[in-house]
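Observations on the model geometry
So the chains spell out like this:
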Amino acid sequence: MNRVLHLAVVWSALAALGLSLCRCHAASAPDAAAQTGPLRPLDSRLKISARQFHKTADGSWETRAVTPEFAFDELIYSWHLRVAPGEGFRLYLRVRCENGDYSPWLYGGCWGKVKPASKRTEPVFEWGKVAMDQLLLKRKTASFQFRVVDEGDSPLSQPPAFSVVVTDNSPTPALAKRYAPRRKAATAPARILDLPLRRQADSQGNAIPDRCQSAALATAMEYFGKPIGLEDIVPLTFDVEYDYPGIWPRTIGAAIQHGFEAYIDRFRDWDSVRKTVAENKVILCSIKMLPGQYKAPPYPQMGGHIVALNGVTDDGRVVVTDSALWKSGRGYRLQWFQEDFEKVWMQTKGGVGMVICPPAGARPKLVPDLPPFPEERLGAKPVASPGEGRN
């Protein structure tokens, strides 16, 4: 992938420290030793269980310092707890730099019933920021900690578990060779999941604009046999304090609250995507279409957006379900050329995916006969953009 483009997006935002980046288990990546050109960012995935928290005060829990296998300059996370009515918490995190300096405790989001707060701005400090749901750093850091504060009307029964992905955006060749997962000989079979198209509207047909993440989650849950109205999803995914609908941990939390297992991940290569789809999991892809050269995209541009991934074909097509194209009907089994989708997902957004897992016993429902890539899009100017998806 074009790692330079991804780093330009990350570091331009960090330089300003007032601008938001895109908002928006692990599968094997290719062998770093066999890679040519610039090294891709190096990811490490960690699980933080509820047992790793210790009580520090009434209604407050902290982890001890968690030290990944290598230093990192980016961190994303999702929380895992199905809260009971009246329960709620706020999350804070801090990191320790390689020279021993600590960041302040930084606000990382809230879940469930919490005390009302005024409108919130993203926490910024000397060498980093939390872009709502994504910790971005100008220094390599060695460890991180989480703090969970109970704020509900009812006592929180336990702290949540977490999925975490830390990233070194500029690994040395030696580090990449040592830690990058090795490519496995077998490649997962190409599967195209038959996902339903859900529009950005409630059960009565009333439009709810800029709710692509809720519609994509509704697509995944309906595919698994549980149709849910957006009126029962949007209040969970929407962050009132940030006045923003596309917080990644809240989208995953909404899936968990509705009875599913889910987690956040990054996808840097198509083998890991195929493997995840072959496990009958639905990946909600965080994408953004920047100006540039594309072969045959479905629209000329797109701001932050979320689509549900059906799968990848053997001949290099990516199939998604896109609620932004619901009105025209083109969002159902929407096809991209793989090279184009790689730009808008893996290169521009670092391959961030919210993975929704199948319930026990759920069998894959596959597209039996995918038509060829639409001829009318080959060499044609894309139709007008459907607008910002706000991921």
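The structure presented is a predicted model; accordingly, all values stated were derived computationally and were not measured. (Residues numbered from 1 in each chain as written. Predicted model: local features only at pLDDT ≥ 70, side-chain atom pairs only at ≥ 80, totals over all residues. Heavy atoms only, no water.)

Counted by the stated rule, this structure contains 19 aromatic pairs. With a centroid separation of 6.2 Å and 65° between ring planes, the pair formed by Tyr77 and Phe146 is classed as edge-to-face. You can see Tyr77 sitting in strand 4 (residues 72-80) and its partner Phe146 sitting in strand 9 (residues 134-150), a full 69 residues away along the chain. Neither Tyr77 nor Phe146 differs from the other in exposure class; each is buried. Taking 5.4 Å as the distance between ring centres and 70° as the angle between the ring planes, the aromatic pair formed by Trp336 and Phe341 counts as edge-to-face. Taken individually, Trp336 and Phe341 each receive the classification buried, so the pair is uniform in this respect. What links up through ring pairs into an aromatic cluster is the set Phe53, Phe72, Tyr77, Phe144, Phe146 and Phe162. Sitting over the face of the ring of Tyr263, Lys47 holds its NZ or CZ atom 5.4 Å from the ring centroid. (Phe/Tyr/Trp six-rings, centres within 6.5 Å; stacked < 30°, edge-to-face > 60°. Helix = DSSP H or I, 4+ residues; strand = E, 2+ residues; numbered from the N terminus. Buried < 20%, exposed > 50% of the residue type's maximum accessible area, 1.4 Å probe, protein only. Lys NZ or Arg CZ within 6 Å of the ring centre and 35° of its normal.)

Quick look at the environment of Val344 now. By the element assignment, Val344 lies in helix 7 (residues 338-347). For Val344, a relative accessible area of 0% translates into the label buried. Between the C-alpha atoms of Val344 and Ile287, which are 57 residues apart in sequence, the distance is 5.3 Å. If sequence neighbours within four positions are ignored, Val344 has contacts with Ser286, Ile287, Lys288, Met289, Tyr294, Trp336 and Lys349. (Contact = heavy atoms within 4.5 Å.)

Let us look at the pattern of salt bridges. Counted according to the given criterion, the structure contains 16 salt bridges. The salt bridge partner of Arg120 is Glu241, with a shortest N-O separation of 2.9 Å. Of the two residues, Arg120 sits in the loop between strand 6 (106-112) and strand 7 (124-125) while Glu241 sits in the loop between helix 4 (234-237) and helix 5 (248-257), which places them 121 residues apart along the sequence. Given the relative accessible area of 24%, Arg120 is considered partly exposed. (Salt bridge = Lys/Arg side-chain N within 4 Å of Asp/Glu carboxyl O.)

Located in the positive-phi region is Met132, a residue other than glycine, with phi close to 70°. Within the secondary structure layout, Met132 lies in the loop between strand 8 (128-130) and strand 9. By relative accessible area, which is 4% here, Met132 ends up buried. The backbone phi angle of Asp243 is positive, close to 55°, even though this residue is not glycine. When you line up the elements, Asp243 lands in the loop between helix 4 and helix 5.

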